[in-house]
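Topology and contacts: notes
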Amino acid sequence: MASERPVLEARSRLDGFNADRGRVLREVERRVVERVTARAGRGGDGSLEYVVNDVCVSEIRRLEGSGKDASRWRDLAGRLGNMPTAGLAAELRTLVAHYGQDIVGNFDPRVYRFATRVLTPGLGFLFSPLQSLRGGVGGLLAELDSRIQVEGPLELLRAMAERGTLVVTPTHSSNMDSVVIGLALMRAGLPPVTYGAGKNLFTNPFISFFMHNLGAYRVDRRLRFELYKEILKEYSTVLLESGYHSLFFPGGTRCRSNVIEPSLKLGLLGTAVTAYGNLAAAGGAHKRIYVVPTTINYRLVLEAETLIQDYLAETGKSRYIITDDEFSRIGRIIEFVRKMLVHEGAVVIRFGRPLDPLGHDVDDDGGSLDRSGRPVDLRSYFVGADGGYRGDDQRDAEYTRLLGRRLVAAFPRESVFHATTVVARAVFDRLCVSAGTRDIYRLTRLPPGREVPVAEVVRGLGELRAALAARPEAGRVHHRVASAGDSAVLDDAVRALGSYHAHPVLERRGDHLRIGDVKLLYYYQNRLAHLPVEVRS
């Protein structure tokens, strides 16, 4: 899979990021301050006093909740009522500069070269020491490729990376995603990208070192005030306008239920639309932005137990940040790598064909196409009757929704299902038939150790695979699943689901399967939740 084609101009963009960082931050500060100040002239919720007070209230609430000193913010809030306009403007500039510095990323070409030349082959050695040593560096990389597979129109994407700016938009199910997608881009010959990562992820020193030096910028999800969101989006917009390839997880935080994201958070995604509109307004409509739907498909998921517990708990739906999951424990990560990534094809990253920022298909030359395959002048979507550029937030929001819908439609089609997924679905279906319900909360109250006949699961597995083969828009099974018989796929999945989690999800007992953890069974089968029930019953 690995590409021999060097990423030339595309990679050099991030190589020069640190020298450009000051300009990027100044541009972000200028735009945000100008925009907020202009809105303040209309008064009401847009007034400077309101904006700064919103920051103070949010920070006081956050710090008090953590037991930390919030006196700075109480003092500022107390002075706002008597502060002159010039003073409020100064506070606004200070705040924008402060949070901009907190967000901004870093890229060290030396760390990138280390990761490319040393760390990546090293991972290959961990997977298979003897075989890797026999094959030298090539053998090491081949071992890695067999575990982390990359699929899709890679040659086309390499061409697009040199023609314009890529926005990679993967599904998100694990904190391992950032590491995995970085490896995938590297091995596919695609350039490194800058991406937003939750600030809580920087608490792991080992992971933090690489994230900090490989283009990640910090996203503090505890900061809920509008000014912070505006700074974050402007930072992303300026990066894209400057030609830095980027990555967003459009589903937002990790998907706790493991379903393929049916809806997206459009905040950062909308910056692709805004950036293109700004480029068009500046006469740079030829500078294209390409959005790449991407799926990350795990055989097993590191944090599956924590995520599904959080999803099923009603309170979990409002708990935005999990700070003590498996990703915070280095020992658990090592165990995950050792027990999961020893399997061939343990992770499949599949890139789809790129879209333009409005969700149009793109031809091989990078031009936009409408639904009938006719060329589209993308700039015409951003100009008025007189040919001049028209800024319109409402219009851009609608364009972003169109893009979001195209991504949601692409995700299932670009998904790859492992044996663990299809077997979990087949077993879950049999369990639901025998229990007379598909309500997960009722199923979790069943007596432990429920069993289903192997013969019925094998038959259901065959029906499920046939249904997937007939519906390419619903995704595809992993080639190892496609080439194996139903019984072999079942045995493979039972081994995997019994090898990593604290308690085996499934166990073979003669001609029956014992369900050891119905919550995890539900979690893994959820990857196929978009497939209608009636086609496999």
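A brief structural summary. (Residues numbered from 1 in each chain as written. Predicted model: local features only at pLDDT ≥ 70, side-chain atom pairs only at ≥ 80, totals over all residues. Heavy atoms only, no water.)

Here's the deal with the overall build of the chain
Counting its regular elements, the chain contains 21 helices and 15 strands. Within the chain, the fraction of its 537 residues that count as buried is 55%. Within the chain, counting contacts between residues at least 6 apart in sequence, those at least 24 apart form 76% of the total. (Helix = DSSP H or I, 4+ residues; strand = E, 2+ residues; numbered from the N terminus. Buried < 20%, exposed > 50% of the residue type's maximum accessible area, 1.4 Å probe, protein only. Contact = heavy atoms within 4.5 Å.)

Brief notes about the environment of H286
Summarising the element assignment, H286 is placed in the loop between helix 12 (270-281) and strand 6 (289-298). Between the C-alpha atom of H286 and that of Y276, which follows or precedes it by 10 residues, the distance is 9.6 Å.

A short note on the sheet that holds strand 12 (residues 451-453)
The 3 strands lie next to each other as 12-15-14, forming an open sheet whose pairing is antiparallel. Every other strand in the sheet has two partners, leaving strand 12 and strand 14 (506-509) as the edge strands with one partner each. Direction aside, the axes of adjacent strands within the sheet are offset by 30° on average. Relative to strand 15 (residues 512-515), strand 14 is paired through 4 bridges, and the arrangement is antiparallel. Its bridge partner lying in strand 15, E507 is registered against R514. Helix-sheet contacts for helix 18 (residues 454-470) involve strand 12, strand 14 and strand 15, and the interaxial angle to strand 12 is about 65°. (Pairing = 2+ DSSP bridges. Axes fitted to C-alpha atoms, helices over the stretch in contact; angles between N-to-C directions.)

Brief notes about the side chain of D177
Considering the arrangement of structural elements, one finds D177 in helix 9 (residues 177-187). Buried and unpaired, D177 has R254 as its nearest opposite-charge partner, separated by 7.6 Å. At a separation of 2.8 Å, a polar atom in the side chain of D177 contacts the main-chain amide nitrogen of S173. Residues contacting D177, with those up to four places away along its chain left out, are T171, H172, F249, I296 and Y298. (Lys, Arg positive; Asp, Glu negative; His and termini not counted. Salt bridge = Lys/Arg side-chain N within 4 Å of Asp/Glu carboxyl O. Polar contact = N/O pair within 3.5 Å; in protein donor to acceptor, adjacent residues only side chain to side chain.)

Some details on the environment of E456
Inspection of the secondary structure assignment puts E456 in helix 18. Spatially, the C-alpha atom of E456 lies 7.2 Å from that of R430, the residues being 26 residues apart in sequence.

Here we look at the pattern of salt bridges
This structure, assessed with the given rule, holds 37 salt bridges. A salt bridge links D220 to K199; the shortest N-O distance between them is 3.9 Å. With D220 in the loop between strand 4 (216-219) and helix 11 (226-241) and K199 in the loop between strand 3 (194-198) and helix 10 (205-213), this residue pair connects regions lying 21 residues apart in the sequence. By relative accessible area, which is 27% here, K199 ends up partly exposed. With a closest N to O distance of 3.0 Å, E303 and R254 form a salt bridge. With E303 in the loop between strand 6 and helix 13 (304-312) and R254 in the loop between strand 5 (246-247) and helix 12, this pair connects stretches of sequence that are 49 residues apart.

Quick word on the pairing of strand 3
Where burial is concerned, most of strand 3 is hidden: 5 out of the 5 residues are buried. Residues T194, G196 and G198 of strand 3 are buried on one face, and the alternating residues Y195 and A197, pointing to the opposite face, are buried as well. Remark: the strand 3/helix 10/strand 4 crossover connection has right-handed handedness. (Right-handed = clockwise from strand over helix to strand, strands pointing away.)

Describing the side chain of T421
Mapped onto the elements of the fold, T421 is located in helix 16 (residues 419-435). Among all residues touching T421, those that are not within four sequence positions of it are Y524, Q525, R527 and L528.

Comments concerning the packing of aromatic side chains
According to the stated counting rule, one finds 13 aromatic pairs in the structure shown. One aromatic cluster is present, built from ring pairs that chain together Y276, Y381, F382 and Y399. For the cation-ring pair, R72 lies above W73, with the distance from its terminal atom to the ring centre recorded as 4.2 Å. (Phe/Tyr/Trp six-rings, centres within 6.5 Å; stacked < 30°, edge-to-face > 60°. Lys NZ or Arg CZ within 6 Å of the ring centre and 35° of its normal.)

Comments concerning helix 15 (residues 393-413)
Structurally, the α-helix is built with 3.6 residues per turn, so residues lying three or four positions apart point the same way. For helix 15, spanning 21 residues, the distance from its first C-alpha to its last is 31 Å, which sits close to the expected 30 Å at 1.5 Å a residue. Three or more residues of helix 15 are buried, namely R395, D396, Y399, T400, L403, G404, L407, A410, F411 and P412. On its buried side, helix 15 packs onto strand 2 (165-170), helix 12 and strand 6. Measuring from the side-chain oxygen of the N-cap residue of helix 15 to the backbone nitrogen of Q394 gives 3.0 Å; that N-cap residue is D392. (Expected span 1.5 Å × (residues − 1).)

Examining the nonpolar core
Ranked by size, the top nonpolar core spans 156 residues in total, and within it L227, F351 and V422 carry the most contacts. Per-element tally for this core: the top contributor is helix 16, with 9 residues. (Core = buried A, V, L, I, M, F, W, Y, C linked by side-chain atoms within 4.5 Å.)

Nothing here speaks to function; it is geometry throughout.
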